[in-house]
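Working through the structure, step by step
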Amino acid sequence: MRPVKVTVGAAGLLALALLPGSAVTQTGFTPSAPAPPPPAALRLIAYDSCAEALAGLRAASSAAVGPWGFEPGWRRAGEFGGVVPAQGDARREAVTATAPSAPGYSTTNNHEPGADEPDLVKTDGRRIVTVTGGVLRVVDPATRREIGRLDLAGADRDRWWPENDMLLHGDRALVLVRSPAPMAGPFPGRAADDTRPRLLLIDLAGPPRIAGTYRIEGSLLDARLTGSTARVVVRSEPRFSFPYDERSTDAERTAANRAVIAKAGLDAWLPRYEWTAGGMRHTGRVGCDRLSRPADAAGTSLVTVLSFDLAAGRLGDGDAVSVASDADLVYGTPGSLYLAGVTWPEPRRWDRPWRPEAVRTTIYQFDTGGPGRPRYVAAGSVPGAPVNQYALSEWQGHLRVATTRTAAGGGTSESAVHVLTRRADRLARTGVVDGLGRGERIYAVRFLGDTGYVVTFRQTDPLYALDLTDPAAPRVTGELKITGWSAYLHPVPGDRLLGVGQEADTRGRTQGLQVSLFDVHDPGHPTRLARYHVPEAMSTVEYDPHAFLFEPATGLVALPLGTGSIRLLNVTERDITEVGTVGHGSGQARRSLLIGGELWTVSEEGLRVTDPATARSLGWLPLT
């Protein structure tokens, strides 16, 4: 499961009152217990001074710390606390030609068109760019040859090097290194074994070269590219060295930890950064004037949004804005960036039991329609927690949010879809349909215009169809119960919906990969037309939709399997048939691309060219 991400940057008072609005409940889907009331006021406040910021951060951290430090269970609630942000959903433009000289090519399987998401491989039709084992490679699909190579890992290649996502704009790529091997040039006073994330701006106009770098304390959450502007979201945890005495009681250890927090300066919270360009190195720290907090409480962590113009020749300082919040999910459209996370209506303490029914998702909206720093515009909250970023969808000025809420004491869970509308600086709830999947939780969500689809599961899989035409009165129009579940939903021409997930028996025990073709032309009676099943198998798509490839013109579907191969399917309006399998030897095939009618599949071992109609191999380019 996966949550949402949050960011703020504004000076002065940002008042956000979340009013109940006219919450409409669909008849026949009523909750088993009333939802807790929303906070009286949800707003962001900029600190007036660094002293005030320090006092607020100390107070939030002191309230959250326990005898063993900041354990995840004390910062997040139950099963929803560890939700990992999903990487992509499927508003795919499929095969398009964005440059006159480039053949038709597939793009990253993004959640929303116009808001590109980072991925393991990128193409503009003229070239394929990928990073494997710390080496960036550029491949010419026309000649099937490597035309550029850049060593990013250097002498650290023998040490672990992470997978790298990237964004591509024109002749520049932004490589996001989440946790690299140790590198030279640490911050003053920091250990040489520095593994903080890095951003690398790569110039691809000639032989690939590093045009600029950026490094910051924290961990990368996600990024979006709109036009030439990349927004990178980073979350940083407070940095303390807590004492430990095994002879002490929990209360004594907690008191000792709070004493450390009481003496800490702002450097323990505000992330420091470093950027380079033209052989020059610059350092800095996110300033107090760039930091805001929720009015009712502050988080133990900071979420920072950085903005970079990829059309420029350098990255710069990132023009950072930060919020003292534990948000961890990002949803983006061409004009908006939403940062969200699970919150509690009262300060969290390690020694207080959490109340699952009080969990809410707080959402902050930023205007990203122009270049440069995003502008904060509104905030709101809804009960429960989302499964991933696809639980959020903006449509015609409304934000739809699907969440699951659990009752206290392990009581019955249920899910809902909330509709929020921006009113001045508020995201006010205008409608809700709840009571979905009582006793279950959400596994997949797909919003398509004025229609929504929600999959819940415990033993069987209800696929709910929702009519969202009227934001004040969303309603369930139909329901289909089948065994198993879909973890990812993708639209198919002809009022069809493709679900990728797991088959299960009547007791809910998994039986292997299941691909389902649903007919959703009649909102009142969704049906399943076809099913494809691979026993004891799974697909990367179930937790990483960026791995999904669909070509509407031919019905080609490419699914990476856990075995390392890629299974090719053909989907029509009524059937699913197997085309064949693309193997990568001992490598784990991760991604598929279509360029000029040829299928390119990518693994750490190499790139294979395949005829998508027959699964016949046309060529192999090893990554050595």
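Residues numbered from 1 in each chain as written. Predicted model: local features only at pLDDT ≥ 70, side-chain atom pairs only at ≥ 80, totals over all residues. Heavy atoms only, no water.

1. Structural notes on the overall build of the chain
Convention followed: Secondary structure is summarised from DSSP: a helix means a run of H or I of at least four residues, a strand means a run of E of at least two, and numbering begins at the N terminus for each. In this scheme, a residue with accessible area under 20% of its type's maximum is buried, one over 50% is exposed, and one in between is partly exposed, where area comes from a 1.4 Å probe on protein chains only. Contact between two residues is taken to exist if any of their heavy atoms lie within 4.5 Å; hydrogens are not considered. Accessible surface is estimated by sampling points in the Shrake-Rupley manner with a 1.4 Å probe; for residues, cover comes only from the protein chains shown.
A tally of regular secondary structure across the chain gives three helices and 43 strands. For the chain, with 624 residues in total, the buried portion stands at 59%. Across the chain, contacts joining residues at least 24 apart in sequence account for 58% of those joining residues at least 6 apart. For the chain, the accessible surface area stands at approximately 23,000 Å², while carbon and sulfur atoms represent 51% of it.

2. So, the sheet that holds strand 7 (residues 135-140)
Note the threshold: Strands qualify as paired when DSSP identifies two bridges or more between them. For helices, the axis comes from a line fit to the C-alpha atoms of the stretch in contact; other axes are also lines fit to C-alpha atoms, and the angle between any two N-to-C directions lies between 0 and 180 degrees.
Reading across from one edge, 5-6-7-8 is the order of the four strands in this open sheet, with antiparallel pairing throughout. Bordering the open sheet on either side are strand 5 (121-123) and strand 8 (145-151), each of which pairs with just one other strand. Strand after strand, the sheet turns through a mean of 20 degrees between neighbouring axes, direction not considered. In terms of strand pairing, strand 6 (residues 128-132) meets strand 7 through five bridges, oriented antiparallel. Across the sheet, the residue bridging to Thr130 is Arg137, located in strand 7.

3. Digging into the pairing of strand 30 (residues 460-467)
Counting buried residues in strand 30 gives six out of eight residues, a clear majority hidden from the surface. Connecting strand 29 (residues 451-457) to the next strand, strand 30, in antiparallel fashion are two residues. Direction of pairing for strand 30 relative to strand 31 (residues 475-483): antiparallel, over a ladder of eight bridges. When the sheet's bridge partners are listed, Asp461 is paired in strand 31 with Ile482.

4. Observations regarding the packing of helix 1 (residues 50-64) against helix 3 (residues 250-263)
In plain terms, the rule: Convention used here: angles under 35 degrees read as roughly parallel, angles over 145 as roughly antiparallel, angles from 65 to 115 as roughly perpendicular, and any remaining angle as oblique. Under the grouping applied here, Gly and all other residues not named as nonpolar or charged are polar, the nonpolar ones being Ala, Val, Leu, Ile, Met, Phe, Trp, Tyr, Cys and Pro and the charged ones Asp, Glu, Lys and Arg.
Two numbers describe how helix 1 lies on helix 3: the axes approach to 9 Å, and their chain directions differ by 170 degrees. Compared by their axis directions, helix 1 and helix 3 come out roughly antiparallel. In this structure, helix 1 contributes Arg58, Ser61 and Ser62 to the contact, and helix 3 contributes Arg258, Ile261, Ala262 and Lys263. Broken down by class, the residue content of the contact of helix 1 with helix 3 amounts to two nonpolar, two polar and three charged.

5. Side note on the nonpolar core
For soluble globular proteins, the rule of thumb is that nonpolar side chains tend to be buried together. Quick reminder of the rule: In this description, a nonpolar core means a group of buried Ala, Val, Leu, Ile, Met, Phe, Trp, Tyr and Cys residues linked to one another through side-chain atoms lying within 4.5 Å.
Within the largest apolar cluster, 26 residues are counted, with the highest numbers of intra-cluster contacts made by Ile363, Leu392, Leu399, Val417, Val445 and Leu466. When contributions to this core are tallied by element, the ones reaching two or more residues are strand 21 (336-343), strand 23 (375-383), strand 25 (398-406), strand 26 (413-423), strand 27 (426-436), strand 28 (441-448) and strand 30. Grouped together as the second largest cluster of nonpolar side chains are 23 residues, Leu176, Leu201, Tyr214 and Val232 included.

6. Some remarks on the side chain of Ser322
Put simply, the rule is: Here a polar contact is recorded for every N or O atom pair within 3.5 Å, except that within protein the pair must consist of a potential hydrogen donor and a potential acceptor, and residues adjacent in sequence are included only if both atoms are side-chain atoms.
Following the sequence through the fold, Ser322 ends up in strand 19 (residues 321-324). Side chain to side chain, Ser322 and Thr304 meet in a polar contact 2.6 Å long.

7. Remarks on the environment of Pro141
In this fold, Pro141 is placed in the loop between strand 7 and strand 8. Judged by relative accessible area, which is 8%, Pro141 ranks as buried. In this structure, the C-alpha to C-alpha distance between Pro141 and Gly125, residues 16 residues apart in sequence, is 7.8 Å. What Pro141 contacts, discounting residues up to four positions off in sequence, is Gly125, Arg126, Arg127, Ile128, Ile595 and Trp600.

8. Quick look at the packing of aromatic side chains
Operational definition: Aromatic contacts are taken between Phe, Tyr and Trp rings whose centres are within 6.5 Å, Trp giving its six-membered ring; a plane angle under 30 degrees counts as stacked, one over 60 as edge-to-face, and the others as tilted.
Under the criterion given, the structure shown has twelve aromatic pairs. On the basis of an interplanar angle of 40 degrees and a centroid distance of 5.8 Å, the ring pair of Trp68 and Tyr244 is categorised as tilted. With Trp68 in the loop between helix 1 and helix 2 (72-75) and Tyr244 in the loop between strand 14 (229-236) and helix 3, the pair connects residues that are 176 residues apart, well separated along the chain. Overall, Trp68 belongs to the partly exposed group, its relative accessible area being 43%. Owing to a relative accessible area of 52%, Tyr244 belongs among the exposed residues under this scheme.

9. Some points on the sheet that holds strand 31
Read across the open sheet, the four strands follow the order 28-29-30-31; overall the sheet is antiparallel. Each of the sheet's edge strands pairs with one partner strand only, and the pair in question is strand 28 and strand 31. Between one strand axis and the next, the sheet turns through 15 degrees on average, direction left out of account. Pairing of strand 28 with strand 29 involves seven bridges; the strand directions are antiparallel. Within the sheet, the bridge partner assigned to Ile442 lies in strand 29 and is Thr456.

10. Observations regarding helix 1
Residues spaced three or four apart along an α-helix face the same direction, because each turn holds 3.6 residues. The condition that has to hold: In a helix, the anticipated span is given by 1.5 Å times the number of residues less one.
With 15 residues, helix 1 should cover 21 Å at 1.5 Å per step; its first-to-last C-alpha distance of 21 Å lies within 8% of that length. Of the residues making up helix 1, those classed as buried are Ala53, Leu54, Gly56, Leu57, Ala60, Ser61, Ala63 and Ala64.

11. Focus on the environment of Leu448
Note that Leu448 resides in strand 28. Residues Leu448 and His490, 42 residues apart in the sequence, show an inter-C-alpha distance of 9.6 Å.

12. Regarding the pattern of salt bridges
Our working definition: By definition here, a salt bridge exists when the distance from a side-chain nitrogen of Lys or Arg to a carboxyl oxygen of Asp or Glu is within 4 Å.
The tally for this structure, following the rule as stated, stands at 31 salt bridges. With a shortest N-O distance of 2.8 Å, Asp250 and Arg253 are connected by a salt bridge. With Asp250 and Arg253 both in helix 3 and three residues apart, this pair spans about one turn of that helix. Its relative accessible area of 8% is what places Arg253 among the buried residues. Among the ionic pairs, Asp505 bridges to Arg509, the shortest N-O distance being 2.9 Å. The class for Arg509 is partly exposed, based on a relative accessible area of 49%.

13. Looking at unusual backbone geometry
What is expected of a backbone is that most residues other than glycine have negative phi and most peptide bonds are trans. Of note in this structure, Gln396 is not a glycine but carries a positive phi near 50 degrees. Of note, Gln396 is situated in the loop between strand 24 (392-395) and strand 25. Even without being glycine, Glu536 reaches a positive phi, approximately 60 degrees. Secondary-structure assignment places Glu536 in the loop between strand 35 (527-535) and strand 36 (549-551).

14. Things to note about the state of the cysteines
What counts here: Cysteine sulfur pairs qualify as disulfides if the two atoms are within 2.5 Å.
Throughout the structure, instances matching the rule amount to one disulfide. Across a sulfur-sulfur distance of 2.2 Å, Cys50 and Cys288 are joined as a disulfide pair. In this structure, the disulfide formed by Cys50 and Cys288 twists by about 115 degrees around the S-S bond and is classed as right-handed. Of the two residues, Cys50 is situated in helix 1 and Cys288 in the loop between strand 16 (280-285) and strand 17 (291-294); the sequence distance between them amounts to 238 residues. Classification of Cys50 as partly exposed rests on a relative accessible area of 41%.

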